[in-house]
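So you can see what is in the structure, the chains are spelled out below.
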Amino acid sequence: MAFPERFSNLPDYAFPRLRKLLDAHAPGGEQIAMTIGEPRHPMPEFVGPILAANLAGFGVYPPNDGTPELLSAITGWIKRRYGAGLNEDQVMVLNGTREGLFNACVALCPETKGGKTPVVLMPNPFYQVYAVAALSVGAEPVYVPATAATGFLPDYASLPPAVLDRVAVAYICSPANPQGAVASRTYWRDLLALAERHDFVIFADECYSEIWRTAPPPGALEVAAEVGANPERVFSFHSLSKRSNLPGLRSGFVAGGARGIAEMRKLRSFAGAPLPLPIQRVSEAAWADEIHVTENRALYQDKFRAADEIFSGLQGFQCPEGGFFLWLPVEDGEAAALKLWRETGVRVLPGAYLSRDAGGQNPGMTYLRVALVAPKEEMQRGLIQLRDCLYG
Ligand SMILES: Cc1ncc(COP(=O)(O)O)c(C=O)c1O
């Protein structure tokens, strides 16, 4: 397959699509952006001073995989959060999880599996980099519905064995963007067993792990350690973007089996962009501190409560267990987003921009994704307008 053809069928990214849909029309009132998942709570106070104290670090090439101090801060966090003891060769630092989720597929997806084209599984709807990663390595992306009927997580075990035998990589997101569903211990256990049975690796996108409603979501590394899974089966991706309100810092990590991490490190040494040293120093402090994370979570929990009140009694409304999106059922997502914009000025994302047609079904068509990132009063005004305009 010629290289450009791999991407020729890609839809535009969600946000240019949204601009095309809405921007020819005037907003009906005060503009309230509830589209992009960009955290807007305050960043931790230590960021500026640490950056300033380490400016000289911009004058040197940084260590590719992470400084020993940063790797140690990360393994310390994993131990405290998940009870899993990892060595530093089981972790690699990332410029945020998006590039990591892409490059891990390049590093670990084989050219063929059992002599056939490998399959990369992903939930549908999903964070779009999963599909681009699959296409980039010449694998076949398989979009597995994550709908109300499946608890908003994909039921990978329901796929035919012939497909499962071709699976090289399975992406999974918990808490899920956009639905906010959380994978239970049983879900992780079953997925690990399925990966073992059909010989594939799990890429667990857990970048929303610290934004939860009532209890910390169980993690892939935690359950893998509990059941004594082969560490090469699962790679977990975490980020400071949501946990620490630092989406512009571009800092995260991947953790998992030492062999897989060594492959990722090797690819990174050829083609990666290491994190600047001052940013590694800030990251070290951010993984070591939980106070700012607890404060941040409390702000989201307050917003969840406000959303509950505003939508109480609305059929199909489910407040998320984690993450910071509402996934609201409507008749037609694009029509609803346009109506809302034209009548009120509230901007939300049609669910179909995060999902694909698969098997004659597009599970995002009848949803809107609403980001709870604006300050609380602004968010409440937006949600009330949305309720009255679309469900009144
Ligand atoms: C599900 C999911 N995964 C990964 C990312 C990437 O985050 P970052 O690269 O900032 O860590 C995002 C960002 O919005 C996301 O929603």
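This is a predicted model, so every value here is computed, not measured. (Residues numbered from 1 in each chain as written. Predicted model: local features only at pLDDT ≥ 70, side-chain atom pairs only at ≥ 80, totals over all residues. Heavy atoms only, no water.)

Draft legend 1. Main features of the overall build of the protein. Secondary structure summary: the protein contains 15 helices and twelve strands in total. Relative to its length of 392 residues, the protein is compact, with a C-alpha radius of gyration of 21 Å against a globular reference of 21 Å. Burial analysis of the protein (392 residues in total) assigns 56% to the buried set. Within the protein, residue pairs in contact and separated by at least 24 positions form 76% of the contacts whose partners lie at least 6 positions apart. Computed over 36 positive and 41 negative side-chain charges, the inter-centroid distance for the protein is 1 Å. (Helix = DSSP H or I, 4+ residues; strand = E, 2+ residues; numbered from the N terminus. Rg over C-alpha atoms; globule rule 2.2 N^0.38 Å. Buried < 20%, exposed > 50% of the residue type's maximum accessible area, 1.4 Å probe, protein only. Contact = heavy atoms within 4.5 Å. Lys, Arg positive; Asp, Glu negative; His and termini not counted. Charge placed at Lys NZ, Arg CZ, Asp CG, Glu CD.)

Draft legend 2. Spotlight on the sheet that holds strand 9 (residues 325–329). One open sheet holds the three strands; their spatial order is 9-12-11, and the pairing between them is antiparallel. Only two strands of the sheet have a single partner each, and these edge strands are strand 9 and strand 11 (349–350). (Pairing = 2+ DSSP bridges.)

Draft legend 3. The side chain of Ser174, seen in detail. Relative to the elements of secondary structure, Ser174 occurs in the loop between strand 5 (167–173) and helix 8 (185–198). Owing to a relative accessible area of 1%, Ser174 belongs among the buried residues under this scheme. A distance of 2.9 Å separates the side chain of Ser174 from the backbone nitrogen of Ala183, its partner in a polar contact. Setting aside anything within four residues of it in sequence, one finds Ser174 in contact with Ala181, Val182, Ala183, Trp188, Asp205 and Glu206. (Polar contact = N/O pair within 3.5 Å; in protein donor to acceptor, adjacent residues only side chain to side chain.)

Draft legend 4. Focus on the environment of Glu226. Within the fold, Glu226 resides in helix 9 (residues 220–227). Along the primary structure Glu226 and Leu101 are separated by 125 residues, whereas in three dimensions their C-alpha atoms are 24 Å apart. Among the polar contacts made by the side chain of Glu226, one reaches the side chain of Arg185 at a distance of 3.0 Å.

Draft legend 5. Summary view of helix 15 (residues 376–390). For helix 15, with 15 residues, the first-to-last C-alpha span of 21 Å sits near the 21 Å given by 1.5 Å per residue. Within the span of helix 15, buried status applies to Glu378, Met379, Gly382, Leu383, Leu386 and Cys389. The buried residues of helix 15 occupy an angular sector of 135 degrees when projected down its axis, which confines them to one face. Residues of helix 15 that are buried sit in contact with strand 1 (32–33), helix 13 (291–311), strand 9, helix 14 (333–344), strand 10 (346–347) and strand 12 (367–371). (Expected span 1.5 Å × (residues − 1). Arc of directions from axis to C-beta.)

Draft legend 6. Spatial organisation of the pattern of salt bridges. Tallied over the full model, the rule gives 20 salt bridges. With a closest N to O distance of 2.9 Å, Arg233 and Glu196 form a salt bridge. Remark: Glu196 occurs in helix 8 and Arg233 occurs in the loop between helix 9 and strand 7 (234–239); sequence separation between them is 37 residues. A relative accessible area of 10% places Arg233 in the buried class. On the accessibility criterion, Glu196 (42% relative accessible area) is partly exposed. (Salt bridge = Lys/Arg side-chain N within 4 Å of Asp/Glu carboxyl O.)

Draft legend 7. Looking closely at the layout of surface pockets. Its volume calculated, the largest pocket comes out at about 550 Å³. With three residues, the top contributor of residues to the lining of the largest pocket is helix 5 (residues 97–108). Among the residues forming the lining of the largest pocket, the class breakdown is 15 nonpolar, six polar and six charged. Here the second largest pocket is characterised by a volume of approximately 330 Å³. Residue lining of the second largest pocket: 16 residues in total, with Leu108, Val201, Glu232, Arg233 and Arg259 positioned closest to the centre. Taken together, the elements giving at least two residues each to the lining of the second largest pocket come down to helix 5, strand 5 and helix 11 (258–271). (1 Å grid on protein atoms, 1.4 Å probe; cavity = no way out; pocket = protein on both sides within 12 Å on 5 of 7 lines; lining within 4 Å. Points joined across faces, edges and corners; volume = space filled by probe spheres on them. Nonpolar A, V, L, I, M, F, W, Y, C, P; charged D, E, K, R; others polar.)

Draft legend 8. Examining the packing of helix 8 against helix 9 more closely. Orientation of helix 8 relative to helix 9, taken along the N-to-C sense of each, is 65 degrees, at an axis distance of 9 Å. Classified by the angle their axes make, helix 8 and helix 9 are roughly perpendicular. Pair helix 8 / helix 9 crosses with right-handed handedness. Residue-level contacts link Arg185, Trp188, Arg189 and Leu192 of helix 8 to Ala220, Glu222, Val223, Ala224, Glu226 and Val227 of helix 9. Among the residues forming the contact of helix 8 with helix 9, the class breakdown is six nonpolar, no polar and four charged. (Axes fitted to C-alpha atoms, helices over the stretch in contact; angles between N-to-C directions. Parallel < 35°, antiparallel > 145°, perpendicular 65-115°, else oblique. Left-handed = near helix turned anticlockwise from the far one by under 90°.)

Draft legend 9. Representation of the side chain of Gln179 in the model. Position of Gln179 among the secondary structure elements: in the loop between strand 5 and helix 8. Among the polar contacts listed, one links the side chain of Gln179 to the backbone oxygen of Ala146, at a separation of 3.1 Å. The residues touching Gln179, leaving out its near neighbours within four places in the chain, are Pro125, Ala146, Phe152, Pro320 and Trp327.

So, to be careful, I would describe these as geometric facts and stop short of saying anything about function.
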